[in-house]
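# An overview of the molecular structure
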Amino acid sequence: MKVYLYIKRLFDVIISLLGLIVLSPLFLIVSLLIKLDSKGPVFFEQERLGYNGEVFTMYKFRTMVDGAPNMGSGLFTNEMDPRITKLGRLLRKTSLDELPQLINVLWGDMSLVGPRPPVPCHPYRYEDYSDEQKLRFTVLPGITGYAQVKGRNK
């Protein structure tokens, strides 16, 4: 099992580093477009629950107006949410907003494949998950995994 985890981590580091290098021109273009599209930072930072229920900061390209989690429906969004920027709609549709999570993979907070990391207070606080539900926290959360195969946001 340790050999598997070592190989998986090595794979994550190599692929995320290569991805960040190869995609750096795209990161620059998307960053400039975000700055031209709306006021606020390029990246959206959000606390998430990771391995063993530890909280980490997950990075995404910002697709909503600055301060959106403190407006309207808070964490909850839908396709027609007025807080989503014009560019944000495209980034979400193409999942390009997820690319900065390669940084989380490189740092070891996430893996390329694994369960999606929930926010610390939704749907539960870590302490409130059942023992069975806590099994998802025995591995690193991932950029992609079962949730994406079964249907996003379902």
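Residues numbered from 1 in each chain as written. Predicted model: local features only at pLDDT ≥ 70, side-chain atom pairs only at ≥ 80, totals over all residues. Heavy atoms only, no water.

This brings us to the packing of aromatic side chains. What characterises a pair of aromatic rings is the spacing of the ring centres plus the angle enclosed by the ring planes. If you walk through the whole model with that rule in mind, you get 6 aromatic pairs. Centre to centre, the rings of F43 and F61 are 5.5 Å apart; their planes meet at 15°, and the pair counts as stacked. Here F43 is found in strand 1 (residues 43–49), whereas its partner F61 is found in strand 2 (residues 55–61), with 18 residues between them in sequence. On the basis of an interplanar angle of 75° and a centroid distance of 5.2 Å, the ring pair of Y126 and F137 is categorised as edge-to-face. With Y126 in the loop between strand 3 (111–113) and strand 4 (142–144) and F137 in the loop between strand 3 and strand 4, this residue pair connects regions lying 11 residues apart in the sequence. Through successive ring pairs, a cluster of aromatic residues spans Y124, Y126, Y129 and F137. Sitting over the ring of Y126, K134 keeps its end group 4.7 Å from the ring centre. (Phe/Tyr/Trp six-rings, centres within 6.5 Å; stacked < 30°, edge-to-face > 60°. Helix = DSSP H or I, 4+ residues; strand = E, 2+ residues; numbered from the N terminus. Lys NZ or Arg CZ within 6 Å of the ring centre and 35° of its normal.)

A separate point is the packing of helix 1 (residues 2–22) against helix 2 (residues 24–37). Think of two packed helices as two axes; the pair is described by the angle between the axes and how far apart they sit. In contact at an axis separation of 4 Å, helix 1 and helix 2 are set at 55° when each is read in the N-to-C sense. It follows that helix 1 is oblique to helix 2 by the angle criterion. Of helix 2, the residues touching helix 1 (which contributes L20, I21 and V22) are S24, P25 and F27. Taken together, the residues of the contact of helix 1 with helix 2 sort by class into 5 nonpolar, 1 polar and no charged. (Axes fitted to C-alpha atoms, helices over the stretch in contact; angles between N-to-C directions. Parallel < 35°, antiparallel > 145°, perpendicular 65-115°, else oblique. Contact = heavy atoms within 4.5 Å. Nonpolar A, V, L, I, M, F, W, Y, C, P; charged D, E, K, R; others polar.)

A separate point is helix 2. Helix length check: helix 2 (14 residues) gives 20 Å between terminal C-alpha atoms against 20 Å at 1.5 Å per residue, within 8%. Within helix 2, the full set of buried residues consists of F27, V30, S31 and I34. Buried residues in helix 2, looked at end-on, bunch into an arc of 105°, giving them a common side. When the buried face of helix 2 is taken as reference, the exposed residues oriented beyond 90 degrees from it are L28, L32 and L36. Residues of helix 2 that are buried in the fold lie against helix 1, strand 2 and helix 3 (86–94). (Expected span 1.5 Å × (residues − 1). Buried < 20%, exposed > 50% of the residue type's maximum accessible area, 1.4 Å probe, protein only. Arc of directions from axis to C-beta.)

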